[in-house]
Amino acid sequence: MQNRQAPVLYLIIFCQKCWAQNRWGSALNDGSPPVLCEWVGYFNAKCCHNVFPDPSLARFLCAELTRGYFLEHNEAKYTERRERVYTCMRIPRELEKLMIFGFFLCLDAFLYVFTLLPLRVLLALLHLFTLPCCGLRGSLLLQPAQVCDILKGLIMVLCYSMMHYVDYSMMYHLIRGQSVIKLYIIYNMLEVADRLFSSFGQDILDALYWTATEPKERKRDSIGVIPHFIMAVFYVFLHAILIMVQASTLNVAFNSHNKSLLTIMMSNNFVEIKGSVFKKFEKNNLFQMSNSDIKERFTNYVLLLIVCLRNMEQFSWNPDHLWVLLPDVFMVIASEIAVDIIKHAFITKFNEITADVYSEYRASLAFDLVSSRQKNACTDYSDSVARRMGFIPLPLAVLLIRVVMSSVNVQGALSYSCLLLFYLGMVTLKVLNSIVLLGKSCVYVKRANMEDKLFERPSTAAPGKTPKAVRLGCVSEDAWLSTFILITNNWIPRNWGEKEEGMEGTELKHRTPKKDLLDVDRFTICGNRID
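The chain is annotated in an unreviewed UniProt entry as Transmembrane anterior posterior transformation 1a from Oncorhynchus mykiss. Within the UniProt record for the chain, the comment given under Sequence similarities (unreviewed entry) is "Belongs to the TAPT1 family."

Rendered as C-alpha cells:
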C-alpha cells in the first residue's frame, strides 16, 4: 500500500514546489489567467490548486481535441508568409514579361545582321569609293561606325566561306554513332564551352573595333588591326562550329527511336534548379541569371529551327513530318519555361527578393535600347545586347545562313524573286519590331525615372578608374529621341510613382545592391559567383 502511494506523494510535493515558484500561474495573487505547465497542460486550470484531477488517457485525448490557439499572437510572421506566397504567384507573370521583352531584343539584334547590316556595309563601301572623287581632303575616310560595319561584313563573309568546308552530314552521323551517356556528357560540355566562348568572344570583337577606330594622335599599345581581325575571324568560325555541334546533338536526340537522349537532355534543365536555388543570390546576380535565361531561350529557339530545317530537308519538305516534330518541339519549350519559372520563384523566395525587381531589369534593358538610338551613342545596340546578355549574333547568323543555303536550292528567276521577297519581309519585320520596342522602352524608362540618365555619358578616364557622369549641355542633339520620350509621357498616369511606393510596403524588401544595374553585364562578377 505504501509503495502505491509513494508516486502520488512525490507528484503532490512537486506540484507544491511549482506552486511556490509561481510556475502554475498568478491567478491566486493578481487575478491574471493561469498559465499551465506544458507537461500537465490537460489539467483543469481553475482547480489545479485545490483538486488534483485524474490524469487519465481519456482526459488527455479530450484536451488535445478541444484545445485552441490564436494566430494573431504572431501576426507579423504569418503576414510575411502570406506575402511570400503572393510573391511566388506573381513571379511567373513578371518573369515572362521580362523574357518576352528580352526575346524581342535578341530578335531585333539578330535580324539586324541579316537586314540592315548588309545595307550599311554597302553604304560604307560606296562612301569609301566615292570619297576620292569628291576631292574632300583632310577629313576621315570613314566614320567609326562605318569601319565597324565593314569589319562585321568581312567577318561574316570569311566565316561563311570557311563553313563550306565543314560537312554537317558527316558531323551528324559521327555524333549519332556515340552512346547516350557520352552524348549527354558532350552536350553539357558544349553548354559550358558556349558560355566561355561568349565571354571571351565579345572582348575579342570589342578589341578589334577599338583598335580599328582608335584616334591616330593617341599613343597606341596594340598589336595592330590585322592580328585582331584574324583572331575575330577564328573566334566566330570556332563558335559557329560549336553551335553546329549543339544543333547536331539536338537533332540526334529528336531522331532517336526511344527518345531517351531527348528525355535526358530535358532532365538536365531540372538539374539546373538544384545548382541555383539553394545558393545565395543578390539583386545583381539575379539580373545576370535573367539575362542568361533570355539568351539561352532565344538560342534554343534558333537551334530548334535548325533541327526542323534539317529534318524537313531529309524528308523532302513533307508537311506530314512537321506534325511529327512539333510535339517534341513544344515539349522542349515547355520544359524550358517550367524550369525558369520554378527556379526564379524559389530564388526570390529564399533570398527575400520582391517580384517588382523584374520591372527594374526590364527598365535596364530598355535603357540600353533607348541610349543606343542617341546621336552621340557610345556603342551599337547589337553590341550592347551582346555585353548585357552574352548573346553574340554573328556566329549564330553564320550557322543559320549555312544551314538555310544548304537546305534550300535557289535556282532560276522565280527562286531569286522569292528570296528577294523574303528579304523584304525580314526588313519589314525588323523595322516594325524596332519601332514597337523603342516605344515600349521609352515607356519603361519613363516609369523607372531614368530619362535624366539618357543625356549623360561617361567622361574619358584612365584605365582602372571609374568614369564620372558628365551632363551634356545641349539636349536637342537628338530631337527624334526627345520627341519619342515626349510622346510617351502622355501614356503614363501622373500617380504612377505613388502607386509603386504603396505597393512596396506590402511586399518583402530586397537588399540594396552594391552596383547599379546599368553597370552590370552578363559576365560581371557580383558577389561570389557568375551565373
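Here the narrative resumes.
Student: Before we move on, could you go through the overall build of the chain and cite the residues and values that matter?
Tutor: When helices and strands are counted, the chain shows 17 helices and two strands. Of all 531 residues assigned to the chain, the portion counted as buried reaches 41%. Taking as baseline every contact in the chain between residues at least 6 positions apart, the subset at least 24 positions apart corresponds to 80%. Here the chain displays about 30,700 Å² of accessible surface, and carbon together with sulfur accounts for 63% of that area.

Student: If you had to explain a nonpolar patch on the surface to someone new, which residues and values would you point to?
Tutor: Together, Phe270, Phe278, Ile342, Phe346 and Phe350 make up an exposed nonpolar region whose accessible area comes to about 510 Å². Among the elements that make up the nonpolar patch, the one with the highest residue count is helix 11 (residues 319-350) (three residues). Assignment of secondary structure puts Phe278 in the loop between helix 9 (260-277) and helix 10 (283-314). Phe278 sits in the exposed class, given a relative accessible area of 65%.

Student: How would you sum up the UniProt feature "transmembrane region" (unreviewed entry) in the chain? Please name residues and give values.
Tutor: Those places that UniProt annotates as "transmembrane region" (unreviewed entry) correspond, in this numbering, to residues 98-115, 225-245, 391-408 and 414-438. Taken as a whole, residues 98-115 contains 94% helix and 0% strand, while its terminal C-alpha atoms sit 25 Å from one another. For the annotated span residues 391-408, helix accounts for 83% and strand for 0% of the residues, and the straight-line distance between the end C-alpha atoms is 27 Å.

Student: I'd like a description of unusual backbone geometry, backed by residues and values.
Tutor: Within the chain, Ser316 stands out as a residue other than glycine whose phi angle is a positive 55°. Along the polypeptide, Ser316 turns up in the loop between helix 10 and helix 11. The backbone of Trp317 sits at a positive phi, close to 55°, despite the residue not being glycine.

Student: Now, about the packing of aromatic side chains: what can you tell me, with residues and values included?
Tutor: Going through the model one piece at a time under the given rule, you end up with 13 aromatic pairs. A centroid spacing of 5.9 Å and a plane angle of 25° characterise the contact between Phe278 and Phe350, whose relative ring orientation is stacked. Pair noted here: Phe278 is in the loop between helix 9 and helix 10 and Phe350 is in helix 11, with a separation of 72 residues, a long-range link. Taken together, Phe103, Phe104, Phe110, Phe114, Phe298, Tyr301 and Phe391 form an aromatic cluster joined through their ring pairs. Directly above the aromatic system of Tyr78 lies the positively charged group of Lys77, at a separation of 4.9 Å from the ring centroid.

Student: Can you lay out the pattern of salt bridges for me, pointing to particular residues and giving the numbers?
Tutor: One pass over the structure, following the stated rule, counts 16 salt bridges. Measuring nitrogen to oxygen at the nearest pair gives 3.2 Å for the salt bridge that ties Glu64 to Arg67. The class for Glu64 is partly exposed, based on a relative accessible area of 37%. With a closest N to O distance of 2.3 Å, Glu360 and Lys283 form a salt bridge. Of this pair, Glu360 sits in helix 12 (residues 357-372) while Lys283 sits in helix 10, and the two are 77 residues apart along the sequence. The exposure class assigned to Glu360 is partly exposed, which follows from its relative accessible area of 29%.

Analysis parameters
Residues numbered from 1 in each chain as written. Predicted model: local features only at pLDDT ≥ 70, side-chain atom pairs only at ≥ 80, totals over all residues. Heavy atoms only, no water. UniProt positions renumbered as here; feature names shortened; annotations may be inferred. Helix = DSSP H or I, 4+ residues; strand = E, 2+ residues; numbered from the N terminus. Buried < 20%, exposed > 50% of the residue type's maximum accessible area, 1.4 Å probe, protein only. Contact = heavy atoms within 4.5 Å. Areas by Shrake-Rupley, 256 points an atom, 1.4 Å probe, with all protein chains shown as cover. Patch = residues over 30% accessible without salt bridge, like charges linked within 9 Å, V, L, I, M, F, W, Y side chains within 5 Å. Salt bridge = Lys/Arg side-chain N within 4 Å of Asp/Glu carboxyl O. Phe/Tyr/Trp six-rings, centres within 6.5 Å; stacked < 30°, edge-to-face > 60°. Lys NZ or Arg CZ within 6 Å of the ring centre and 35° of its normal.

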